[in-house]
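# A structural walkthrough
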Amino acid sequence: MQAELERVATRLQLFILKRNRRTRIQRLSGVHINTMARFLAGEDIRLHTLIKIEKACLQLQSEDEL
């Protein structure tokens, strides 16, 4: 389970950094800017925070497809 969470976190980090959407994802997810910085630096964050970030990424991805 931990390995799967790490894979998800890595995928989200790459999505955010590749598209340079750090601020947009941070605002959509409602997490603090420092939390986003810690997440992108590879530090541990809480599961519910990871879920918020993933939902924001999915929302942004669906907007891009329109």
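Before any of the text, the structure's been laid out above.
A few points on the structure.

Definitions and limits used
- Residues numbered from 1 in each chain as written.
- Predicted model: local features only at pLDDT ≥ 70, side-chain atom pairs only at ≥ 80, totals over all residues.
- Heavy atoms only, no water.
- Helix = DSSP H or I, 4+ residues; strand = E, 2+ residues; numbered from the N terminus.
- Rg over C-alpha atoms; globule rule 2.2 N^0.38 Å.
- Buried < 20%, exposed > 50% of the residue type's maximum accessible area, 1.4 Å probe, protein only.
- Contact = heavy atoms within 4.5 Å.
- Areas by Shrake-Rupley, 256 points an atom, 1.4 Å probe, with all protein chains shown as cover.
- Lys, Arg positive; Asp, Glu negative; His and termini not counted.
- Charge placed at Lys NZ, Arg CZ, Asp CG, Glu CD.
- Salt bridge = Lys/Arg side-chain N within 4 Å of Asp/Glu carboxyl O.

## Some remarks on the overall build of the chain
Broken down by element type, the chain carries 4 helices and 0 strands. Start at the N end of the chain and walk to the C end: the helices and strands fall as α-α-α-α. Over its C-alpha trace the chain gives a radius of gyration of 11 Å, about what one expects of a compact globule, namely 11 Å for 66 residues. Dimensions of the chain along its principal axes, counting C-alpha atoms only, are 35 × 25 × 20 Å. Per-residue burial for the chain yields a buried fraction of 30% across its 66 residues. Across the chain, every contact between residues at least 6 apart in sequence was considered, and the portion connecting residues at least 24 apart equals 55%. Accessible surface, the chain as shown: approximately 4800 Å² in total, 50% of it carbon and sulfur. Between the centroid of the 12 positive side chains of the chain and the centroid of its 8 negative side chains there is a distance of 5 Å.

## As for the pattern of salt bridges
In the structure shown here, the tally under the stated rule is 4 salt bridges. A salt bridge links Glu 54 to Arg 11, with the shortest nitrogen-to-oxygen separation between them at 3.3 Å. Taken as a pair, Glu 54 in helix α4 (residues 47-65) and Arg 11 in helix α1 (residues 2-19) lie far apart in primary sequence, 43 residues in all. On the basis of relative accessibility, which here comes to 24%, the residue Glu 54 falls in the partly exposed class. On the basis of relative accessible area, Arg 11 is assigned to the partly exposed category, the value being 45%.

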